[in-house]
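Overview (structure and organization)
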Amino acid sequence: MSRSTRVAGPAGAVLSRLWSGGRLAPAVSVYHHLHAHPELSGQEHRTAEFVEARLADLGIETFRCGGTGVVGILRNGEGPVVAYRADLDGLPIQEESGVAYASTDTGRLPDGSVSGVMHACGHDLHVTVALATAGVLVGNRAAWAGTVVWIFQPAEETAAGAAAMVDDGLWEKAPRPEAVLAQHVTSLPSDQVRIGVGNVMNLGDSWRVRLRGRGAHGARPHESIDPIVLGAHLVTRLQTVVSRQVEPGSPVVLTVGTFHAGTKENVIPDEATLSLNIRTPDAQTRETVLSAVRRMIVAEAVASGAPEPTIEEISRFPRCFNAPEQAGEVAAVLDAVFGPDNVARDLRATGSEDVGWLADAIGVPLVFWMFGAYRPGRGPDDMPSNHTPRFAPEPEYAIPAGVRAALAALGTRLDVPS
């Protein structure tokens, strides 16, 4: 087969037809296991071992990268090289989905506290889909040629995993791909897909801000510099960044996620700690917003007569930029698989993703899209969203959708007979 046989559209969907219903039950079993046993970012030890064992069963060579990351190399003769990313980590959320295989596992957070852990963002489904897709390709080698680099990435939720794999020599150890593909499950019906071009996810920054004051008895507030009052003013002031300093319509989000201070109602504490989550659509807007936030933090401390606060970066997400030409090819093949009416080309999410590191590190195109988690026909109020305790994809519907989408997208890069 020659590379000239690679085409988008109906012919490019040939690989998606290799998925069969007989593969569903084993895939659902894998999903149930992964969902019941999530692990926090950077702690995905059992998950990595599970993935390695499954890849070994398929005869796919593997190596560790970036700590708990796993890379599989599926070679099938001469042809192009393409990378496909799935992420491994869960979230510190106590599950309330009500499914029989709900997680009861716990994990230890960086501050030493213990939390319930849940696959509330669907990474368990991503791993299941990637393993099932690899199984389809292994079982149908005559249908394609080339090499697939399977990237099972840790710590997506903290924006640390993709960078860690690159820093650990991912692209020195694995064949260099001509493109990186990735998909994400979301609260849509499973017959629907969303894709776009350009920046399809926001850049993301998280900060921990320590406000220092001067403690005092609650009955003698005049002797204090109250960090709680300082923090309250700061929380309110920060809301004006989006409403008054960013062009209306720009998808900027600024959230104060935590505010911790004090131990007793009649004690004014010495300090307060806030955590901020900031999402911006592009590098220029990021610079504008972060500068404004930093200025407000310092200014509110000055206004209160407090020492200068300290700002610690928690995480920093890169751009997630869909290359127009390659994204167009994938969109065309998804049209053929799901139907044009079910493929929206409007993906522009305010969430963030670190998969862009994998492509940008070597200057190759990225294509990222979203597929549905739920049975078609469920209403929008009946589809709990990612990052909530009730998020519960229906694997009998979501797995086939994810595998068919993955195979179709891989078909735009690999050598496939038309």
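Residues numbered from 1 in each chain as written. Predicted model: local features only at pLDDT ≥ 70, side-chain atom pairs only at ≥ 80, totals over all residues. Heavy atoms only, no water.

So, on to helix H7 (residues 283-304). Its 22 residues give H7 an end-to-end C-alpha distance of 32 Å, which sits within 8% of 32 Å, the value for a rise of 1.5 Å per residue. Of all the residues in H7, the buried ones are Thr-285, Arg-286, Val-289, Leu-290, Ala-292, Val-293, Met-296, Ile-297, Glu-300 and Ala-301. Mapping the buried residues of H7 onto a view down its axis gives an arc of 165 degrees, with all of them on the same face. Residues of H7 that are exposed and point more than 90 degrees away from the buried face comprise Ala-283, Gln-284, Glu-287, Val-302 and Ala-303. If you follow the buried residues of H7, they end up packed against strand S10 (203-212), helix H6 (227-245), strand S12 (253-261), strand S14 (271-280) and strand S15 (310-317). With a side-chain oxygen positioned 3.3 Å from the backbone nitrogen of Gln-284, the residue opening H7 is Asp-282. Looking one or two residues beyond H7, the residue adopting positive phi is Gly-305, at roughly 70 degrees. (Helix = DSSP H or I, 4+ residues; strand = E, 2+ residues; numbered from the N terminus. Expected span 1.5 Å × (residues − 1). Buried < 20%, exposed > 50% of the residue type's maximum accessible area, 1.4 Å probe, protein only. Arc of directions from axis to C-beta. Contact = heavy atoms within 4.5 Å. Polar contact = N/O pair within 3.5 Å; in protein donor to acceptor, adjacent residues only side chain to side chain.)

This part is about the UniProt feature "binding site: Mn(2+)" (unreviewed entry) in the chain. The UniProt feature table records "binding site: Mn(2+)" (unreviewed entry) at Cys-121, His-123, Glu-157, His-184 and His-387. What stands out for the annotated residues spanning 267 residues is how close their C-alpha atoms remain, the widest pair being 13.0 Å apart. Within the element layout of this structure, Cys-121 appears in the loop between strand S5 (114-116) and helix H3 (123-138). You can call Cys-121 buried: its relative accessible area is 9%. With residues near it in sequence (within four places) discarded, Cys-121 still touches Leu-91, His-126, Glu-157, His-184, Val-185, Asn-386, His-387 and Phe-391. Structurally, His-184 is set in strand S7 (residues 180-189). The exposure class assigned to His-184 is buried, which follows from its relative accessible area of 7%. Every residue in contact with His-184, bar those within four places of it in the chain, is listed here: Cys-121, His-123, His-126, Glu-353, Phe-368, Trp-369, Met-370, Phe-371 and Asn-386. (UniProt positions renumbered as here; feature names shortened; annotations may be inferred.)

A few words now on the packing of aromatic side chains. For any pair of aromatic rings, geometry is given as the distance between the ring centres together with the angle between the planes. Applying the stated criterion to the full structure yields three aromatic pairs. The interplanar angle of 75 degrees and the centroid separation of 5.9 Å between the aromatic rings of Tyr-31 and Tyr-101 together place this pair among those described as edge-to-face. Linking Tyr-31 in helix H1 (residues 24-36) with Tyr-101 in the loop between strand S3 (81-87) and strand S4 (106-108), this pair joins segments that are 70 residues apart in sequence. Owing to a relative accessible area of 17%, Tyr-101 belongs among the buried residues under this scheme. (Phe/Tyr/Trp six-rings, centres within 6.5 Å; stacked < 30°, edge-to-face > 60°.)

Across the interface, H1 lies against helix H2 (residues 45-57) with an axial gap of 11 Å and an inter-helix angle of 165 degrees. It follows that H1 is roughly antiparallel to H2 by the angle criterion. Here the hand of the crossing between H1 and H2 comes out right-handed. Along its contact with H1, which presents Val-30, His-33 and Leu-34, the element H2 presents Thr-47, Phe-50 and Arg-54. A per-class count over the contact of H1 with H2 returns three nonpolar, two polar and one charged. (Axes fitted to C-alpha atoms, helices over the stretch in contact; angles between N-to-C directions. Parallel < 35°, antiparallel > 145°, perpendicular 65-115°, else oblique. Left-handed = near helix turned anticlockwise from the far one by under 90°. Nonpolar A, V, L, I, M, F, W, Y, C, P; charged D, E, K, R; others polar.)

Moving on to the domain arrangement of the chain. Each domain of the chain was delimited in the assignment, giving domain 1 (10-197 + 323-412) and domain 2 (203-316). Computed from C-alpha atoms alone, the centre-to-centre distance between domain 1 and domain 2 is 35 Å. At the interface, seven residues of domain 1 touch eight residues of domain 2. Interface area for domain 1 against domain 2, summed over the two sides, is near 530 Å², with a carbon-plus-sulfur share of 50%. Among the residues of domain 1 in contact with domain 2, Arg-348, Thr-350 and Ser-352 are the three that bury the most area, contributing 71% of the side total. Where domain 1 meets domain 2, there are zero salt bridges. Between the two partners, domain 1 and domain 2, sit two residue pairs in polar contact (both at pLDDT 80 or more). Partitioning the side of domain 1 that touches domain 2 into residue classes produces two nonpolar, four polar and one charged. (Domains from an automatic or database assignment. Buried area = accessible area lost by both parts, 1.4 Å probe. Salt bridge = Lys/Arg side-chain N within 4 Å of Asp/Glu carboxyl O.)

With numbering matched to this structure, UniProt assigns "domain: Peptidase M20 dimerisation" (unreviewed entry) to residues 206-301. Secondary structure over residues 206-301 splits into 40% helix and 31% strand, and the C-alpha atoms at its two ends are 20 Å apart.

A few words on H6. Compared with an ideal rise of 1.5 Å per residue, which puts 19 residues at 27 Å, H6 spans 25 Å between its outermost C-alpha atoms and is within 8% of the ideal. Every buried residue of H6 is listed here: Pro-227, Leu-230, Gly-231, Leu-234, Leu-238 and Val-241. The secondary structure elements touched by the buried residues of H6 are S10, S12, strand S13 (267-268), S14 and H7. If you check the start of H6, you find a side-chain oxygen 2.8 Å away from the backbone N of Ile-228, and it comes from Asp-226.

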